[in-house]
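# Close look at the chain arrangement
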2 protein chains.
Amino acid sequence: MKKDGNVYGNHISQSFNEELAALKSRFLEMGGLVETQVLQAVKALTERDAELANLVRDEDKVVDRYEMKIDDAAIHILARRQPTARDLRLVVSIIKAVSDLERIGDESKKIAKLALQLVEGDKTPNGLTEIRHIGQHVATMLNGALEAFARLDVEKAVEIIKEDKNVDAEYKTASRSLMTYMMEDPRTISECMSVMWVFRALERVGDHACNLAEHIVYMVEGEDVRHTKIDQLNEQLKRLD
Amino acid sequence: MKKDGNVYGNHISQSFNEELAALKSRFLEMGGLVETQVLQAVKALTERDAELANLVRDEDKVVDRYEMKIDDAAIHILARRQPTARDLRLVVSIIKAVSDLERIGDESKKIAKLALQLVEGDKTPNGLTEIRHIGQHVATMLNGALEAFARLDVEKAVEIIKEDKNVDAEYKTASRSLMTYMMEDPRTISECMSVMWVFRALERVGDHACNLAEHIVYMVEGEDVRHTKIDQLNEQLKRLD
């Protein structure tokens, strides 16, 4: 089912090709940036690194600028080049996916802010192992989704969509265990709540990575997989083979 | 600064006009549906109405179908009509805004699920007054954003963007007070956590309403107000007058 990554390149107009390629590569650049942000935010928090947390917080402005530039470039292509079929789906998918990347940036910023709060406390909060673990998991999902985007790889995208269930399960287990700590020692409630928001933020990063993967399937197959249960998804993809 | 709502209607092609108008009206219909969902989800929760909670949960499928249909119609217009300038901005704004509406639907579904959990408990949880209050507030914001969308009313949209700060403040106060309950009686922690997720879900509805309002400013003024602080926003809008 894998498609040749250059399928968008066989165009008559060379400069149109170049604009599309530039749009895609800028999108992937932004993706790389937010992936780094997620990992840095988790590192800042688990290693109590205030400097790194400040860096992540400030980088959010760069992410925001990327979003606006990509949107502008996409709209420019729609207006000037009036793409159709697959090219159009690529541009529309990027317009949608860029919002997901921007929101991943927002979640990293939230984690960085919580890291700055936690740094001020004098003891190590519960749940750091889980944060490290889930953080790594969703960053890997995001990396996979971007790779699938770069190579227009539907199989890989479907893997990512399926993976989101595991992140959700990890998130639930981690939240439940944190609640036990809170009940055992109510003095830790406020601190545990901060950790809980971090779990939540990471879980949302997983959701956005999953959204990215859904845009890829739509872009390549023209098949809308949002709001589709995994079993149905497998059925749909079998039909497309 | 108000613009004539019919500015998109002065087109040469009658059927193009009709397609754009149909797209916009379907979008507003979906907006009305998710607004009702928010109010119903809050009512189901605060009045322990399991039937209503189930209804909200099931309606999410209708919202999902709306999203896919609107996306299809928007892409169809891009491909066949190749709109430019303001028409293009309208279509792109709808493509972006429809994701916000869909996510509001998701938040309502989450609230409905938590309502079903809370119905099973035998006592009234803390925080219901705040849920009612914040719920009403964000539903009003959403209603205002949709009205601004319908009338392409930038002033109204800017009001909504500013309002989001107040929702955030209410959310923080409500969360803090809930944490006090948790500390006083750790047996209520699990139940309080559910209420906390409801606060969070409602706060996110406010965020999405704010996103909608930002799309309106962009659509009408061509000025990107995302990632702009309120002071800068006022400056920008003054320049546009």
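The structure reproduced in this document is the subject of the present report. (Residues numbered from 1 in each chain as written. Chains lettered and ligands numbered in written order. Predicted model: local features only at pLDDT ≥ 70, side-chain atom pairs only at ≥ 80, totals over all residues. Heavy atoms only, no water.)

## A look at the overall build of chain A
Secondary structure assignment for chain A yields 7 helices and 0 strands. Reading the helices (α) and strands (β) of chain A from amino to carboxyl end gives α-α-α-α-α-α-α. Taking 18 Å as the expected radius of gyration for a compact globule of 241 residues, we find that chain A reaches 20 Å, a close match to that expectation. Taken along the three principal axes of its C-alpha coordinates, chain A extends 65 × 40 × 20 Å. With 241 residues in all, chain A has 55% of them scored as buried. Long-range pairs, those at least 24 residues apart, make up 82% of the contacts in chain A with a sequence separation of at least 6. (Helix = DSSP H or I, 4+ residues; strand = E, 2+ residues; numbered from the N terminus. Rg over C-alpha atoms; globule rule 2.2 N^0.38 Å. Buried < 20%, exposed > 50% of the residue type's maximum accessible area, 1.4 Å probe, protein only. Contact = heavy atoms within 4.5 Å.)

## Side note on the nonpolar core
Phe 27 and Met 182 of chain A together with Phe 27 and Met 182 of chain B are the most contacted members of the largest nonpolar core, which totals 166 residues. The residues contacting Phe 27 of chain A, other than those within four sequence positions of it, are Ile 70, Ile 94, Ala 97, Val 98, Leu 101, Leu 146, Phe 149 and Leu 212 of chain A. (Core = buried A, V, L, I, M, F, W, Y, C linked by side-chain atoms within 4.5 Å.)

## So, the packing of helix 4 (residues 128–151) of chain B against helix 6 (residues 189–221) of chain B
Residues and elements named next belong to chain B. One can describe the packing of helix 4 onto helix 6 by two numbers: an axis separation of 9 Å at closest approach and a directional angle of 15°. When the interaxial angle is binned, helix 4 and helix 6 end up roughly parallel. The two elements helix 4 and helix 6 meet at a crossing, and its hand is left-handed. Between helix 4, through Glu 130, Ile 131, Ile 134, Gly 135, Val 138, Met 141, Leu 142, Ala 145, Leu 146, Ala 148 and Phe 149, and helix 6, the contact on the second element is made entirely by Val 195, Val 198, Phe 199, Leu 202, Val 205, Gly 206, Ala 209, Cys 210, Leu 212, Ile 216 and Met 219. (Axes fitted to C-alpha atoms, helices over the stretch in contact; angles between N-to-C directions. Parallel < 35°, antiparallel > 145°, perpendicular 65-115°, else oblique. Left-handed = near helix turned anticlockwise from the far one by under 90°.)

## Comments concerning a positive patch on the surface
Judged by side-chain charge, Arg 26, Arg 57, Lys 61, Arg 65, Lys 69 and Lys 113 of chain A together with Lys 165, Lys 172, Arg 176 and Lys 229 of chain B come together as a positively charged surface patch. The element best represented in the positive patch is helix 2 (residues 50–81) of chain A, accounting for 4 residues. Mapped onto the fold, Lys 165 of chain B is located in helix 5 (residues 154–184). (Patch = residues over 30% accessible without salt bridge, like charges linked within 9 Å, V, L, I, M, F, W, Y side chains within 5 Å. Areas by Shrake-Rupley, 256 points an atom, 1.4 Å probe, with all protein chains shown as cover. Salt bridge = Lys/Arg side-chain N within 4 Å of Asp/Glu carboxyl O. Lys, Arg positive; Asp, Glu negative; His and termini not counted. Charge placed at Lys NZ, Arg CZ, Asp CG, Glu CD.)

## Here's the deal with the environment of Leu 52 of chain A
All names here are of chain A. For Leu 52, the position within the fold is in helix 2. With 11 residues separating them along the chain, Leu 52 and Ala 41 place their C-alpha atoms 7.5 Å apart. When near neighbours in sequence (up to four residues on either side) are disregarded, Leu 52 contacts Gln 40, Lys 43 and Ala 44.

## Some remarks on the relation of the copies chain B and chain A
Superposing chain B onto chain A requires a rotation of 180° together with a translation of 0.0 Å along the rotation axis, leaving an RMSD of 0.0 Å. When the rotation and shift are considered jointly, the pair of chain copies conforms to a two-fold rotation axis. The overlap is high: 100% of the interface residues of chain B also sit at the interface in chain A, so the same surface is used on both sides. (Least-squares fit on C-alpha atoms with pLDDT ≥ 70 in both.)

## Considerations on the interface of chain B and chain A
Contacts between chain B and chain A engage 38 residues on the former and 38 residues on the latter. In total, chain B and chain A occlude about 3600 Å² of area from one another, counting both sides; carbon and sulfur atoms represent 61% of this. For the interface between chain B and chain A, the tally reads 9 residue pairs in polar contact (both at pLDDT 80 or more). Listing elements by their share of the side of chain B that touches chain A, those giving two or more residues are helix 2 (50–81), helix 3 (85–120), helix 5 and helix 6 of chain B. No other element matches the 11 residues that helix 3 of chain B contributes to the side of chain B that touches chain A. Of the residues belonging to the side of chain B that touches chain A, the class tally is 18 nonpolar, 7 polar and 13 charged. (Buried area = accessible area lost by both parts, 1.4 Å probe. Polar contact = N/O pair within 3.5 Å; in protein donor to acceptor, adjacent residues only side chain to side chain. Nonpolar A, V, L, I, M, F, W, Y, C, P; charged D, E, K, R; others polar.)

## Brief notes about the packing of helix 1 (residues 14–46) of chain B against helix 2 of chain B
Helix-helix packing: each pair is described by the crossing angle between the helix axes and the interaxial distance. Residues and elements named next belong to chain B. For the pair helix 1 and helix 2, the least separation of the axes is 10 Å and the interaxial angle reads 160°. Put simply, helix 1 runs roughly antiparallel to helix 2. In terms of crossing hand, the pair formed by helix 1 and helix 2 is left-handed. In terms of residue class, the contact of helix 1 with helix 2 is made up of 20 nonpolar, 4 polar and 9 charged.

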